[in-house]
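Inside the fold
Chain residues, written in single-letter form:
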Amino acid sequence: MKAIRVHEFGGPEKMRLEEVSNPSASPGQVVIQVKAAGVNPVDTYLLAGTYAFKPSLPYTPGMDAAGVVESVGQGVTRVREGDRVYAGGTLSGAYAEKTVCSELQAHPLPTKISFSQGAGVNVPYATAYRALFQIGQALAGEIAFVHGASGAVGLAAVQLARAAGLVVIGTGGTAKGRELVLREGAHHALDHRAPDYLEHLRSITGGHGADIIVEMLANVNLGKDLALLAPRGRVVVVGSRGPVEINPRDMMGRDASIRAMSLLVAPAEDLAGIHSAIYAGLENGTLRPVVGQEIPLADAARAHKAVMEPGAHGKIVLIP
Ligand SMILES: NC(=O)c1ccc[n+]([C@@H]2O[C@H](COP(=O)([O-])OP(=O)(O)OC[C@H]3O[C@@H](n4cnc5c(N)ncnc54)[C@H](OP(=O)(O)O)[C@@H]3O)[C@@H](O)[C@H]2O)c1
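Residues numbered from 1 in each chain as written. Predicted model: local features only at pLDDT ≥ 70, side-chain atom pairs only at ≥ 80, totals over all residues. Heavy atoms only, no water.

In the vicinity of the ligand, 28 residues are found, and the nearest of them are Tyr45, Ser150, Gly173, His192 and Leu263. Contacts to the ligand include Gly151, whose backbone N or O atom sits 2.9 Å from an oxygen atom. Within the backbone of Gly173, one N or O atom sits 2.8 Å away from an oxygen atom of the ligand. If the ligand stood free it would expose 910 Å²; the protein chains cover 88% of that surface. When contributions to the shell around the ligand are tallied by element, the ones reaching two or more residues are helix H1 (41-48), helix H3 (122-135) and helix H4 (152-163). Classifying every residue of the shell around the ligand by side-chain character gives 14 nonpolar, 12 polar and two charged. (Near = heavy atom within 4 Å. Polar contact = N/O pair within 3.5 Å; in protein donor to acceptor, adjacent residues only side chain to side chain. Areas by Shrake-Rupley, 256 points an atom, 1.4 Å probe, with all protein chains shown as cover. Helix = DSSP H or I, 4+ residues; strand = E, 2+ residues; numbered from the N terminus. Nonpolar A, V, L, I, M, F, W, Y, C, P; charged D, E, K, R; others polar.)

See the structure below:
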């Protein structure tokens, strides 16, 4: 089969499409015929070799895939050959024609969700769900500010928060991104490139501020976020690309808190709850992954460049 292989850390050009042997399923494992693989910013950090976690070389990138179960190992009962599934992480890498995951990483994909959409389920929706509900403890009736809503995690957060009865305000850096944010359920969309957009947030909320902020670029925004919080407000840091200065006094008078998360360290029992909630949302139509670009697997380098560029409008997926 064909797979993207990385033999040394570096930029997108380090990914090469190679012929490798077909995988097989050991006990407790599942082989998925990949129909689409999701591209996440973390894939680029891992490839650079500068992330907290370093894969051992050579490796195949990718944590998210959707496809059909080709075979299952001994003892697997959750899925069967021929099932449509999305992978919540893989053991062998998703940028390939086939991938191996553990039984617990294979989740059913409702028929109304396409494989390309399925490749945008795991990291984006699991992250958004964990940020909003497990870490941020978002409640119906609260005001959620999704700071960076036009990308994959942001749109997932908008759909989840809207379905859970929050008032949702999202940001996008382009008109196309903001249109998408509104279409996917935000009550208001603001431009995070406009000089006065945070003033708009204050006026939209009648001076109350945000009860919960899901933050995609904390190194730019965290200091400003704290001053936007309502009493007992929470910022959940999802993305950050560097250090930032904050004024703790902005938190003290509000009993506010900064929380943070990495999906990579979420405990198994929390992940099980997350994927049950995601399945329900995919099935009942409240969760609808938005595919922004489909790119051939051989062009993985182009996908890695695109995912780091501004102007997000949904998920970038690779098609083997
Ligand atoms: N903690 C975790 O476990 C976890 C899991 C998944 C992702 N992440 C991180 O979360 C971030 C978002 O991931 P993603 O997959 O959604 O990426 P993505 O699809 O590339 O989206 C990036 C988002 O950030 C927005 N953005 C750009 N400049 C901004 C600014 N100044 N203020 C606020 N938002 C801004 C983009 O908006 P425009 O392009 O419209 O400007 C877009 O909405 C990444 O940093 C990623 O590494 C963390």
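Within the largest apolar cluster, 73 residues are counted, with the highest numbers of intra-cluster contacts made by Val30, Tyr95, Leu132, Leu160, Ile278 and Leu318. It is H3 that contributes the most residues to this core, nine residues altogether. (Core = buried A, V, L, I, M, F, W, Y, C linked by side-chain atoms within 4.5 Å. Buried < 20%, exposed > 50% of the residue type's maximum accessible area, 1.4 Å probe, protein only.)

This part covers the pattern of salt bridges. Tallied over the entire structure, the rule returns 11 salt bridges. A salt bridge links Lys2 to Glu19; its shortest N-O distance comes to 3.0 Å. Taken together, the positions of Lys2 in strand E1 (residues 2-6) and Glu19 in strand E2 (residues 15-19) put the pair 17 residues apart, joining distant regions of the chain. With relative accessibility at 35%, the residue Lys2 sits in the partly exposed group. Taking the relative accessible area as the measure of exposure, Glu19 reaches 56% and is therefore exposed. The residue Arg302 makes a salt bridge to Asp299 at a minimum N-O spacing of 3.1 Å. Overall, the relative accessible area of 43% leaves Arg302 in the partly exposed class. Asp299 gets classed as partly exposed once you look at its relative accessible area, which sits at 30%. Among the charged side chains, a salt-bridge network with shared partners connects Arg183, Glu184 and Arg288. (Salt bridge = Lys/Arg side-chain N within 4 Å of Asp/Glu carboxyl O.)

The next thing to look at is the side chain of Glu215. Inspection of the secondary structure assignment puts Glu215 in strand E11 (residues 210-215). One buried charge, Glu215, has no salt-bridge partner; the nearest side chain with opposite charge is Lys224, at 8.0 Å. (Lys, Arg positive; Asp, Glu negative; His and termini not counted.)

Between H3 and H4, the shortest axis-to-axis distance is 8 Å and the interhelical angle comes to 55 degrees. Viewed along their axes, H3 and H4 adopt a mutual orientation that is oblique. Read as a crossing pair, H3 and H4 show a hand that is right-handed. In this structure, H3 contributes Pro124, Tyr125, Thr127, Ala128, Tyr129, Leu132 and Phe133 to the contact, and H4 contributes Ala152, Val153, Ala156, Ala157, Gln159, Leu160 and Ala161. (Axes fitted to C-alpha atoms, helices over the stretch in contact; angles between N-to-C directions. Parallel < 35°, antiparallel > 145°, perpendicular 65-115°, else oblique. Left-handed = near helix turned anticlockwise from the far one by under 90°. Contact = heavy atoms within 4.5 Å.)

Any link to function would need more than the numbers given here.
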